[in-house]
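Chain residues, written in single-letter form:
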Amino acid sequence: MSDRELILSRVRAALADVPAGEPDTWLLEADPDPVPASYVRRRVMEAEQLVELFASRCADYRANVTRCADDPEAIRSAVAAACSRHGAWALVAPATLDSAWKPDGLLFESDDPPLAVEQLDRCDGILTGCAVAIALTGTIVLDGGAGQGRRALTLVPDLHICVVRGDQLVAGVPDAFALLDGALRAGRPLTFISGPSATSDIELRRVEGVHGPRRLEVIVAA
Amino acid sequence: MAAAGGFPEAARAALADAQLRRNLHVATHTIREKRLRATSELDDWEQLREAGRRIKERTMRHLDRHLETLERSVLAAGGVVHWAADAAAANRIVAELVRAAGAREVIKVKSIATDEIGLNAALAEQGIRAVETDLAELINQLAGDTSSHILVPAIHRNRAEIRDLFRAHLPGGAGLSDDPAALVEAARAYLRSLFLSTPVAVSGANFAVAETGTVCVVESEGNGRMCTTLPDTLITVMGIEKVVPRLADLGVMLQLLPRSATAERMNPYTSLWTGVTPADGPRSFHLVLLDAGRTNALADPVGRQALHCIRCSACLNVCPVYERTGGHAYESVYPGPIGAILTPQLAGLERGRTLPWASTLCGACYDACPVKIDIPSVLLHLRAEIVRRGRAGGGSGDAGAAGRDAGGAVAVAGARGHEGGRNRREAAAERATMRLAAVVMGGPLRYRLAQRAGRVTLGWLRRHPRLTRALPGPLGAWTSVRELPEAPEQSFRAWWHERQRRSR
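Residues numbered from 1 in each chain as written. Chains lettered and ligands numbered in written order. Predicted model: local features only at pLDDT ≥ 70, side-chain atom pairs only at ≥ 80, totals over all residues.

### Quick word on the overall build of chain B
Stage number 1. Secondary structure assignment for chain B yields 24 helices and 10 strands.
Stage number 2. Expected size for 504 residues packed as a compact globule is a radius of gyration near 23 Å; at 26 Å, chain B falls within 12% of this value.
Stage number 3. C-alpha extents for chain B along the principal axes are approximately 90 × 55 × 50 Å.
Stage number 4. Across the 504 residues that make up chain B, the buried fraction comes to 52%.
Stage number 5. By sequence separation, contacts in chain B at least 24 residues apart represent 72% of the contacts at least 6 residues apart. (Helix = DSSP H or I, 4+ residues; strand = E, 2+ residues; numbered from the N terminus. Rg over C-alpha atoms; globule rule 2.2 N^0.38 Å. Buried ≥ 20, exposed ≤ 12 C-beta atoms within 10 Å, placed from the backbone. Contact = placed C-beta atoms within 7 Å.)

So, in C-alpha cells, the structure goes:
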C-alpha cells in the first residue's frame, strides 16, 4: 500500500463515528445555530473613516504614513518626499507601474526584463501600488497585479514605498478576502504586509527591521 | 533524551533554574496583557472563536475528502504532492528532493512539523546542511538547544545570553552589544547572502486551502518570504490537519492567529501561494503531507480536537505550569497545555504518559484558545484512558505503567520528586485510597463516622507538624509542602442538623 492509500484509509477508519451525509464543509449560512458563530463578514464604513483608521493603524506598526490627494501630481510629490526622507534616488519599479507616479529627478529601473536579485539588493528602494488595504489591521495586500510586480521586488530592497488608493480600502480581513477571491482563484501569489519586518523573538519585545524591507512608506491617496 | 520520570522529573530540573524562571515570567506576563488588549478590540472576537472552532471541527470530520481535494488543486496549479505516513518517510522524501535539485544546503523557515520529525538531523546524515532562518530557531541552532515555546522557541534565553551566543558563533559578532536591535542586525547580515544564493528552501504551513491548493505561511521577520520566494525549489512539509476547505476560512483564521500569537492586529507578513507562478517565485513546488500520529488522534472523538490547534501559543503564555517549568520539561516540540494533549496522542500514550498530569486544570488555556479547544476536558479524558489501559493490561508490567502515570500525578500535585521505583507503590496507594473512599461514601453512617475520625486525626496531626511533614509515600508528597487545614469544630452535616432543629 502506498503512503497515500495508507493515510487515507487510516483517516477513514478514524472517522467511523461521523454519520454519512453530513456536509463536509462548515458554512455559517447553512448552520442551524448560527448566532454564536456569526462573526462580521462585511463591515461598512464611511470613506473618510476608512482612510483615517487605515492611516493610524498602519502607523502603529512604525510604517511612515502620508496622505495626499488622489491625483498624479500629488502622488508624485509624496513619493519624492518619501525618497528624500531616506536619501533614496535609485529606485526599482514594476514594469506595470503608472509612470505618472514617478517624480522627475529620480532614477527608476524597470523590472522588464527581470532584474537580478543582486540588483534588487543594491537599489535604494521600490515603488509599487497595491491590490487591497485593510483598515482595521493596517495591512497592505499585494497580488502581483498592475503596479505591483513579482514578489521579490517588494522583498529584497530595504525601502518599500507603497501607494494606496482610497477605493482599495476595505474595513476588515473578511472584506479583503471577498475582493481577493479572483486573484487567488487565478493562482496569483499574495503578500499581506503590516508594517516593516519585525521580530519578537528576543524576550517577546518587538524590534522592527529584520529581513524584509526595514522601512515602509505608505502613501494614502484619497 | 527523555527523562525516565517524564514531566515531573524534567520539571524539577527546570524549577531549580532561577534565570529560566525569571526569563519566562517576564516574557509570559508581557504577552498576556497585550493579547487581551488585541482580542478585546474586535467586537466579534467570541463569534470568530466559535466560527474557527466549527470550521476546524467539520474539516477534521471529513479530512479524507479535503486532503484529496487539496491534492487535486495543488497538482492543477503545477505543484507536486507527496504523502508521508511517518517521520522517516517525510525525511526520506525531503532528502531525495534536495538531492535531485543538486543542493547540499537548504534554508528553512520555522516549522514545528519539521522539528517534530527531526528533519535537520536526518538531512545532516545525508550530508545536507539545513540552516534555520527564523531568529529564534537560529539562536537555538547555534546553541544546540531545542525549542521551548511554539512561537518564540528561544523564550528561555534572555538578551545577554543571546549576545554571548552571537559573539561566539556569528562572523564579525565579537563586539556585539545586548541591545535587541543590534542582535537582530547581526542575524540579518549573517543570513542575507544565504537568502540570495541558496537554491532550495524548506517550509512548514499554517494553512492550506483545499479548494484552490493555496498554502499560507504567517510570519514576522521576512525570512518566510525570502524562503518561499527566492529559491528555485520550495518544499513544504505540512501536517494533514492544517487543511481548511475554503479561501473564506482564511478570513477567520487570519484574524484569530496573529492576535492570539503575538498580540498584533496582524503579523508583519503573510504569504499565500498556489502551486508555481511563471516568472514569480520558485520554479518547482513540493507539498509533503505528513501523518506521523495525526490519524491516531483523529480516531479519538474526544482527543481529536487537539488537531484543531493553529499553533498560536496563547495557551502556553497563560498557563501557570508552563510559566514555571518552561517548555523543555514537556520533552516535546509541542510544550504547554496543547503539548500535554497533543504529544501523548501523536507519539503514543506510553511516551507522553505523564503529560496529561502536567496541569492544574485551571482552564485558562481553554479561555485563551482562539479555536476553543477544550484542553481541560481532553486532559481528563487522557488521564482516564492512561489509567484504564494500565488496568486493562492485567499483567504486572502494564499495571506498573499505569502506576508510573498515577505516580506522576501525585508528584506534580505535591511538587515533590521521587525515584522511578516508588511510583508503583504510589499508584497502588492511590488506587487503595480510591477504593477506601468508595466504601466510606457508600453509606451515611460510614461517612459520618469517617468524618468524625478525620476531624480527630487532623487535629492531632496539626499539633505534630514535624511528623506531618515526614508522612510516608504519597501522603508525604502532599503534606511536605503544604500546611494542613484547621479541623472544623463541626461537620457541615452536624451544622445542618442543628440548624434544622433550631428552626423548628
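### Points about the interface of chain A and chain B
Stage number 1. With 64 residues of chain A at the contact, the number on the chain B side is 79 residues.
Stage number 2. Elements that contribute at least two residues to the side of chain A that touches chain B include exactly helix H1 (3-14), helix H4 (117-122), helix H5 (173-185), strand S9 (190-193) and strand S10 (198-199) of chain A.
Stage number 3. When residues of the side of chain A that touches chain B are assigned to their parent elements, the largest contribution, nine residues, is made by H1 of chain A.
Stage number 4. Split by residue class, the side of chain A that touches chain B holds 31 nonpolar, 16 polar and 17 charged.
Stage number 5. Across four bridges, the pairing between S9 of chain A and strand S9 (residues 269-274) of chain B is antiparallel. (Nonpolar A, V, L, I, M, F, W, Y, C, P; charged D, E, K, R; others polar. Pairing = 2+ DSSP bridges.)

### A short note on unusual backbone geometry
Stage number 1. The peptide bond linking Asp112 of chain A to Pro113 of chain A adopts the cis configuration, its omega dihedral lying at 0°.
Stage number 2. Relative to the helices and strands, Pro113 of chain A is located in the loop between strand S3 (107-110) and H4.
Stage number 3. With a phi close to 60°, Ala279 of chain B is a non-glycine residue in the positive phi region.
Stage number 4. Locating Ala279 of chain B in the fold gives a position in the loop between S9 and strand S10 (284-290).

### Here's the deal with helix H10 (residues 180-197) of chain B
Stage number 1. Compared with the 26 Å implied by 1.5 Å per residue over 18 residues, the 27 Å span of H10 of chain B between its first and last C-alpha is a close match.
Stage number 2. A maximum bend of about 35° is found in H10 of chain B at Leu191 of chain B.
Stage number 3. For H10 of chain B, the complete set of buried residues consists of Pro180, Leu183, Val184, Ala186, Ala187, Arg188, Leu191 and Phe195 of chain B.
Stage number 4. Taken together, the buried residues of H10 of chain B touch S10 and strand S11 (207-208) of chain A together with strand S2 (105-108), helix H8 (135-143), helix H9 (159-169) and helix H11 (223-229) of chain B. (Expected span 1.5 Å × (residues − 1). Bend = angle between axes of the 7 residues up to and from the residue.)

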